[in-house]
Amino acid sequence: MSSALTDLFPRPIVQAPMAGGVSRPQLAAAVSDAGGLGFLAAGYKTADGMYEEIKQVRGLTSRPFGVNLFLPQPDHADPAAIAVYRHQLAGESTWYETRLGDTDAGLDDGYVAKLAILVDDPVPVVSFHFGCPTREVVESLKKVGTLTLVTATTPEEAQTVQWAGADGVIAQGIEAGGHQGTHRDNIENDGAGLGLLTLVAQIRETAQLPIIAAGGLMRGAQIASVLAAGADAAQLGTAFLITPESGAHVLHKQALTDPLFNRTRLTRAFSGRPARGLVNRFMREHGPYAPAAYPQIHHLTAGLRKAAAKAGDPQGMALWAGQGHRLARELPAGQLVEVLTAELEAAGDALVLRRAS
């Protein structure tokens, strides 16, 4: 990894930015204080809301941290398909006694306003999801001393990231919880993503960029495996979701290790874009019919998800989780970084011993 990135976090552990209130300032600060790289998720927040959280993190830690932005999405959604899905969800609206959301609530997630704040008052790292920023955007952040990372799910996307001039690529395997950060939302490619180790190896051979590996990682030994495959650091989301500093709903935290929720699946049911979560009733009933329409479907179902949480019903919530969710440990975030680091070191020692024997 380039020295500029290495100097920011001495331990090769990045806390994934989880939108929807999970990646609170307390979580980002705790991870950074422990030697990892904590992240705020600006997705689904206003620009002012993002800035307030940045100020909170600065008040909690003097260590570097990052902010994640969603790229604006093209309007390729089929209005007729959205209308059909709205009709299908009418029963959910009645059951939870809440109205379905406005699908015209916006496609850009306040991207320009958020970017302006980050250029005016820089943070150490900015990462991007759902696409690749332009070279001009990357240069504007570089001029104010900000390092940039961009999610890629294929070697070709990683090459685009390199061309844009980013400082590193987040290689997201199909095992990852939450939304797949594909640069283009192609319904024909649903479920066809690469496993993390294969993706890291292919990106290492096709792009000359530092790699942060993401997808299903829950233990230090797994971090060791992606480092051995060519990654420079590991990004973990689900592992931090259950920590006390996480802003995830208590039902979401409990579901991660609840035997009732024993598997994950990629679905468009809640947002209109492929995202991995614990399989529940809503996913089973509506996933097969959800159209490719992000963020329209996200806006449509937002009220339903909030109502389900308020009613104490995890069967109607978006329970984002990676494939390793059953390995979640209820530890404070800083302690989890310490444990992962110890496990990583033990894995390295064990490998040395095996080679020597």
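In case you missed it, the structure is sitting above this.
Everything numeric in this text was worked out from a predicted model, so none of it was measured.

Thresholds applied
- Each chain has its residues counted from 1, running along the sequence as written.
- Totals for whole chains, interfaces and linings use all residues, but because this is a predicted model, local features are given only for residues with pLDDT of at least 70 and pairs of side-chain atoms are given and counted only at 80 or more.
- Where side-chain values are given, they derive from all heavy atoms of the structure, hydrogens and water being excluded.
- The term salt bridge refers to a pairing of a side-chain nitrogen on Lys or Arg with a carboxyl oxygen on Asp or Glu at a separation within 4 Å.
- A helix here means a DSSP run of H or I that spans at least four residues, while a strand means a run of E at least two residues long, and both kinds are numbered starting from the N terminus.
- Burial classes: relative accessible area under 20% of the type maximum marks a residue as buried, over 50% as exposed, and values in between as partly exposed (1.4 Å probe, protein chains only).
- Each aromatic pair joins two rings of Phe, Tyr and Trp (for Trp, the six-membered one) with centres within 6.5 Å, and gets the label stacked for planes under 30 degrees apart, edge-to-face for over 60, and tilted for any other angle.
- Lysine and arginine charges are scored as sitting over a ring when NZ or CZ, respectively, is within 6 Å of the ring centre and within 35 degrees of the ring normal.
- As a rule, the C-alpha atoms of each element are fitted with a line to give its axis, helices using only the stretch in contact, and angles between N-to-C directions run from 0 to 180 degrees.
- Whether a crossing is left-handed or right-handed is set by the direction in which the near helix is turned from the far one by less than a right angle, anticlockwise for left-handed and clockwise for right-handed.
- Should any heavy atoms of two residues lie within 4.5 Å, those residues are considered in contact.
- Amino acid classes used here: Ala, Val, Leu, Ile, Met, Phe, Trp, Tyr, Cys and Pro are nonpolar; Asp, Glu, Lys and Arg are charged; the rest, including Gly, are polar.
- What a helix is expected to span follows from its residue count: subtract one and scale by 1.5 Å.
- What we call the bend at a residue is the angle made by axes fitted to the seven residues finishing there and the seven residues starting there.
- Only buried Ala, Val, Leu, Ile, Met, Phe, Trp, Tyr and Cys residues count toward a nonpolar core, and they belong to the same one when joined by side-chain atoms within 4.5 Å.
- When we speak of the arc, we mean the arc of directions from the helix axis to the C-beta atoms.
- Whether two strands pair depends on DSSP finding at least two bridges between them.
- Think of it like this: strands point away, you trace from the first strand over the helix to the second, and a clockwise trace means the crossover is right-handed.

1. Regarding the pattern of salt bridges
So, point 1. Within this structure, the stated rule accounts for 11 salt bridges.
So, point 2. Among the salt bridges present, the one from Arg281 reaches Glu92, with a minimum N-O distance of 2.7 Å. Linking Arg281 in helix α13 (residues 281-286) with Glu92 in helix α5 (residues 90-96), this pair joins segments that are 189 residues apart in sequence.
So, point 3. Among the residues examined, Glu92 registers a relative accessible area of 5% and is labelled buried.

2. Quick notes on the packing of aromatic side chains
So, point 1. Under the counting rule described, the total for this entry stands at 6 aromatic pairs.
So, point 2. Aromatic side chains Phe70 and Phe130 sit 4.8 Å apart centroid to centroid with 50° between the ring planes, which places their arrangement in the tilted category. Within this pair, whereas Phe70 is found in strand β3 (residues 65-70), its partner Phe130 is found in the loop between β4 (125-129) and α7 (135-143), the two being separated by 60 residues in sequence. The exposure classification of Phe70 matches that of Phe130, with both residues buried.
So, point 3. Three or more aromatic residues link up through ring pairs in this structure, and these residues are Tyr44, Phe70, Phe130 and Tyr294.
So, point 4. For Arg135, the ring lying beneath its charged end belongs to Trp163, and the centroid distance is 5.1 Å.

3. Observations regarding the packing of helix α3 (residues 47-60) against helix α6 (residues 111-120)
So, point 1. Running from N to C, α3 and α6 point in directions that differ by 30°, and their axes come no closer than 9 Å. For α3 against α6, the interelement crossing comes out right-handed. Along its contact with α3, which presents Ala47, Met50, Tyr51 and Ile54, the element α6 presents Ala113, Lys114, Ile117 and Leu118.
So, point 2. The class makeup of the residues in the contact of α3 with α6 is 7 nonpolar, no polar and 1 charged.

4. A word on helix α14 (residues 296-310)
So, point 1. Spanning 15 residues, α14 covers 22 Å between terminal C-alpha atoms, matching the ideal 21 Å at 1.5 Å per step.
So, point 2. Ala302 marks where α14 bends most, by close to 40°.
So, point 3. With 11 of 15 residues buried, α14 lies mostly within the body of the structure.
So, point 4. Every buried residue of α14 is listed here: Gln296, Ile297, His298, His299, Leu300, Thr301, Leu304, Arg305, Ala307, Ala308 and Ala309.
So, point 5. Where the residues of α14 are buried, they touch α4 (79-88), α5, α12 (250-256) and α13.

5. Some words on the nonpolar core
So, point 1. Membership of the largest hydrophobic core comes to 91 residues, with the highest contact counts inside it found for Val67, Leu69, Leu118, Phe128, Leu236 and Phe240.
So, point 2. The element contributing the most residues to this core is α14, with 6 residues.
So, point 3. If we ignore the near neighbours within four places in the chain, the residues touching Leu118 are Met50, Ile54, Val67, Leu69, Val123, Val126, Leu141 and Val144.

6. Structural notes on helix α9 (residues 196-206)
So, point 1. Those residues of α9 that sit buried are Leu196, Leu199, Val200 and Ile203. For α9, the buried positions fall inside an angular range of 100° around the axis, keeping them on one side.

7. Section: the pairing of β4
So, point 1. With 5 of its 5 residues buried, β4 lies for the most part within the structure.
So, point 2. Burial along β4 is two-sided: Val125, Ser127 and His129 facing one way and Val126 and Phe128 facing the other are all buried.
So, point 3. Pairing between β3 and β4: 5 bridges, direction parallel. Bridged to Gly66 within β4 is Val125.
So, point 4. As defined by bridge partners, β4 adjoins strand β5 (residues 147-152) across 4 bridges and the pair is classed as parallel. Residue pairing for β5: Val125 is matched across the bridge by Leu147.
So, point 5. In terms of handedness, the path from β4 via α7 over to β5 forms a crossover that is right-handed.

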